[in-house]
Amino acid sequence: MEPGAQSSLRYRDKVAIITGGTTGIGQGTVRVFVSQGAKVVFCAKDVGAGNALEAELNSVGPGEAFYVACDVTKEEQIKNLIDVTVQKYGRIDCLVNNAGVHPPPQKTDDVTAEDFTSLLNLNLVSYFLASKYALPHLRKTEGNIVNVASLVAVIGQNDAVPYVATKVGGLLRFRSLNVYLSCRKRNPVSCKALLHRRPAEVATGYPIPVPYPIPGYPYPAGYGYGYPFATLVRPGTGTGRP
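Keep in mind that what you see is a predicted model, and the values were worked out from it rather than measured.

The next subject is the overall build of the chain. Helix and strand content of the chain: 8 helices and 7 strands. Intrachain contacts of the chain at a sequence separation of at least 6 include 73% that bridge at least 24 residues. Surface accessibility of the chain: about 11,100 Å² in total, with carbon and sulfur atoms responsible for 53%.

Listed below in structure tokens is the structure:
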């Protein structure tokens, strides 16, 4: 890459963590951050896919990709993800909470307590834990937390009560986090609660080519595809930009 192009990179040498980074929205987000010069630590359970993506992106650059095996339903593995990132790069500028799943349609009568709890742990509790362990480092850099949410948190969805609950819970929890951080700092904290943009676009300003329609879902007129919302919490100056 030419020197001039290097200097124009939006996220050059900044450090980002992306959960669920080997497929779909997460993989698209990893690719965009690396293309903008970031040092990206991404995690997923599929070791083969993680290693392959790391090798592919490092052969292209201009940023770096580093894969960490992690099951985000395990607190100790989330903590390790944060620790490994700081040990390797010395800082964190952005955390993208993306890992999650949308289960197949299921009638409320058929949802078990175990179904509900398992989805909460994956889609909601993991966001909380990653944010908890990353916050001390993000405060130092005035970095960002980007949380992948969903349109269904606003409009609902048939036969998806647990999933919708996790997405509504995510929005409300991070509004609470916004208040908590604002009360502890003189500078305001930006919490753009319903950014109708995809996560890499929130942090870097660049679009990612990953459509995310939910098969069979009747989107209201005007909504188009089900691109996810993202919440942006910045424990810094409140400008809403890295």
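Attention now moves to the pairing of strand β3 (residues 64-69). Judged from the 6 bridges that link them, strand β2 (residues 39-44) and β3 form a sheet pairing that is parallel. Within β3, the position partnered with lysine 39 by the bridge is glutamate 64. The parallel pair β2 and β3, bridged by helix α3 (residues 47-58), forms a crossover whose chirality is right-handed.

Bringing the packing of helix α2 (residues 24-35) against α3 into the picture now. In the contact formed by α2 and α3, the axes pass within 11 Å of each other and the chain directions differ by 25 degrees. Of the possible angle classes, the one that applies to α2 and α3 is roughly parallel. Considering the relative orientation of α2 and α3, their crossing is right-handed. Residue-level inspection shows Gln27, Val30, Arg31 and Val34 of α2 in contact with α3, the latter providing Leu53, Glu56 and Leu57.

To continue, consider the nonpolar core. Core analysis: the largest hydrophobic core is formed by 22 residues, its most contacted members being Ile17, Val72, Ile78 and Leu95. At the level of secondary structure, the elements contributing two or more residues to this core comprise β1 (15-19), β2, α4 (75-89) and α5 (113-141). With 7 residues, α5 is the single largest residue contributor to this core. Non-local contacts of isoleucine 17, meaning those with residues more than four positions away in its chain, are made with Val41, Leu81, Ile82, Thr85, Ile92, Cys94, Leu95 and Val96. Counting 19 residues, the second-largest nonpolar core is a separate cluster that includes Ile18, Val40, Val96 and Tyr127.

Here the focus is the pairing of β2. Judged by how many residues are buried, β2 sits mostly within the fold: 6 of 6 residues are covered. Burial of the side chains of β2 extends over both faces: Lys39, Val41 and Cys43 are buried on one face and Val40, Phe42 and Ala44 on the other.

Two packed helices can be described by the angle between their axes and the distance between those axes. Contact geometry of α4 with α5 gives a least axis separation of 9 Å together with a crossing angle of 30 degrees. Relative to α5, the element α4 lies roughly parallel. Here the hand of the crossing between α4 and α5 comes out right-handed. Touching Glu75, Ile78, Lys79, Ile82 and Val86 of α4 are Ser126, Leu129, Ala130, Lys132, Tyr133, Ala134 and His137, all from α5. The residue makeup of the contact of α4 with α5, split by class, is 7 nonpolar, 2 polar and 3 charged.

What follows concerns the packing of aromatic side chains. Throughout the structure, instances matching the rule amount to 2 aromatic pairs. With centroids separated by 5.1 Å and ring planes inclined at 80 degrees, the aromatic side chains of tyrosine 11 and phenylalanine 33 adopt a geometry described as edge-to-face. With a gap of 22 residues between them, tyrosine 11 in the loop between α1 (3-7) and β1 and phenylalanine 33 in helix α2 connect regions that are remote in the sequence. When the ring of phenylalanine 42 is compared with that of tyrosine 67, the centres are 5.6 Å apart and the planes differ by 45 degrees; the resulting orientation is tilted.

Tallying each qualifying case throughout the model produces 5 salt bridges. Measuring nitrogen to oxygen at the nearest pair gives 3.9 Å for the salt bridge that ties arginine 12 to aspartate 13. Take arginine 12: its relative accessible area is 43%, and that puts it in the partly exposed class. One salt bridge connects arginine 91 with aspartate 93, and the closest N-O pair in it is separated by 2.5 Å. Assessed through its relative accessible area of 4%, aspartate 93 is described here as buried. Here the salt bridges do not stand alone but share partners, grouping Arg12, Asp13 and Lys39 into one network.

Cut-offs used in this document
- Position numbers for residues count from 1 along each chain, tracking the sequence in the order it is written.
- Side-chain atom pairs in this predicted model are given and counted only at pLDDT of 80 or more, local residue features only at pLDDT of at least 70, and totals for whole chains, interfaces and linings cover all residues.
- Think of the side-chain values as coming from all heavy atoms in the structure, minus any hydrogens and water.
- Every helix listed is a DSSP run of H or I at least four residues long, and every strand listed is a run of E at least two residues long, numbered separately from the N terminus.
- Every residue pair with non-hydrogen atoms within 4.5 Å of one another is taken to be in contact.
- Each accessible area value is a Shrake-Rupley result obtained with a 1.4 Å probe; residue values ignore everything except the protein chains displayed when judging cover.
- We call two strands paired when DSSP finds no fewer than two bridges between them.
- Here a crossover is taken to be right-handed if, once the strands point away from the viewer, the path from the first strand over the helix to the second is traced clockwise.
- Axes here mean lines fitted to C-alpha atoms, for a helix over just the part in contact, with angles spanning 0 to 180 degrees between N-to-C directions.
- Throughout this description, any angle smaller than 35 degrees is read as roughly parallel, any larger than 145 degrees as roughly antiparallel, any in the 65 to 115 degree range as roughly perpendicular, and the remainder as oblique.
- Each helix crossing is assigned a hand: it is left-handed if the near helix lies turned anticlockwise from the far helix by less than a right angle, otherwise right-handed if that turn is clockwise.
- The criterion is simple. A nonpolar core is a set of buried Ala, Val, Leu, Ile, Met, Phe, Trp, Tyr and Cys residues joined through side-chain atoms within 4.5 Å.
- Only protein chains enter the calculation, and the probe is 1.4 Å; a residue is then buried if its accessible area is under 20% of its type maximum, exposed if over 50%, and partly exposed in between.
- Any residue that is not Ala, Val, Leu, Ile, Met, Phe, Trp, Tyr, Cys, Pro, Asp, Glu, Lys or Arg is counted as polar, Gly included; the first ten are nonpolar and the last four charged.
- Pairing of aromatic rings covers Phe, Tyr and Trp, the last counted by its six-membered ring, and requires centre-to-centre distances within 6.5 Å; plane angles under 30 degrees mean stacked, over 60 mean edge-to-face, and any other angle means tilted.
- Any carboxyl oxygen of Asp or Glu that lies within 4 Å of a side-chain nitrogen of Lys or Arg is treated as forming a salt bridge with it.

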